[in-house]
Amino acid sequence: MLMELFTGQSPTDENFVRLSLKSWVQRAFPTEVKQTPEPHLFLQMGNSSQEDQSGSPDIQHDGLITVMGVGLSCTVESFLVTHFFS
């Protein structure tokens, strides 16, 4: 769900015929993660004042890496689930 929210993409989107949303984010993580977010996601943050550093590109990038990392970790299949409950 986090990956959908932050990328603006759906796992069933026609762009993911050969590649899943998860695979697309994995390929970009962490070095190219700037290419994955919804284009309008940081628009408001870019208008922050000089004194407020929360909208700086470095902080946005670090936050995006953290969020996408959590999203990817939520998609990892557990050994117990795949081997004992399938």
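Just so it is clear, the model here is predicted, and its values are computed rather than measured.

(A) Quick peek at the overall build of the protein. Broken down by element type, the protein carries four helices and zero strands. What you see in the protein, going N to C, is helices and strands ordered as α-α-α-α. Here the protein holds 86 residues, and 22% of them are scored as buried. Across the protein, every contact between residues at least 6 apart in sequence was considered, and the portion connecting residues at least 24 apart equals 57%. Summed over all atoms, the accessible surface of the protein reaches about 6,500 Å², with 56% contributed by carbon and sulfur.

(B) Seen up close, unusual backbone geometry. The residue after Phe-29, namely Pro-30, is reached through a cis peptide bond having omega -10°. By the element assignment, Pro-30 lies in the loop between helix 2 (21-28) and helix 3 (57-74).

(C) Examining the side chain of Thr-36 more closely. You can see Thr-36 is positioned in the loop between helix 2 and helix 3. Within polar-contact distance, the side chain of Thr-36 engages the backbone oxygen of Val-33 at 2.7 Å. In contact with Thr-36, other than residues within four places in its own chain, are Phe-6, Thr-7, Trp-24, Ala-28, Leu-64 and Met-68.

Criteria and cut-off values
- Residues numbered from 1 in each chain as written.
- Predicted model: local features only at pLDDT ≥ 70, side-chain atom pairs only at ≥ 80, totals over all residues.
- Heavy atoms only, no water.
- Helix = DSSP H or I, 4+ residues; strand = E, 2+ residues; numbered from the N terminus.
- Buried < 20%, exposed > 50% of the residue type's maximum accessible area, 1.4 Å probe, protein only.
- Contact = heavy atoms within 4.5 Å.
- Areas by Shrake-Rupley, 256 points an atom, 1.4 Å probe, with all protein chains shown as cover.
- Polar contact = N/O pair within 3.5 Å; in protein donor to acceptor, adjacent residues only side chain to side chain.

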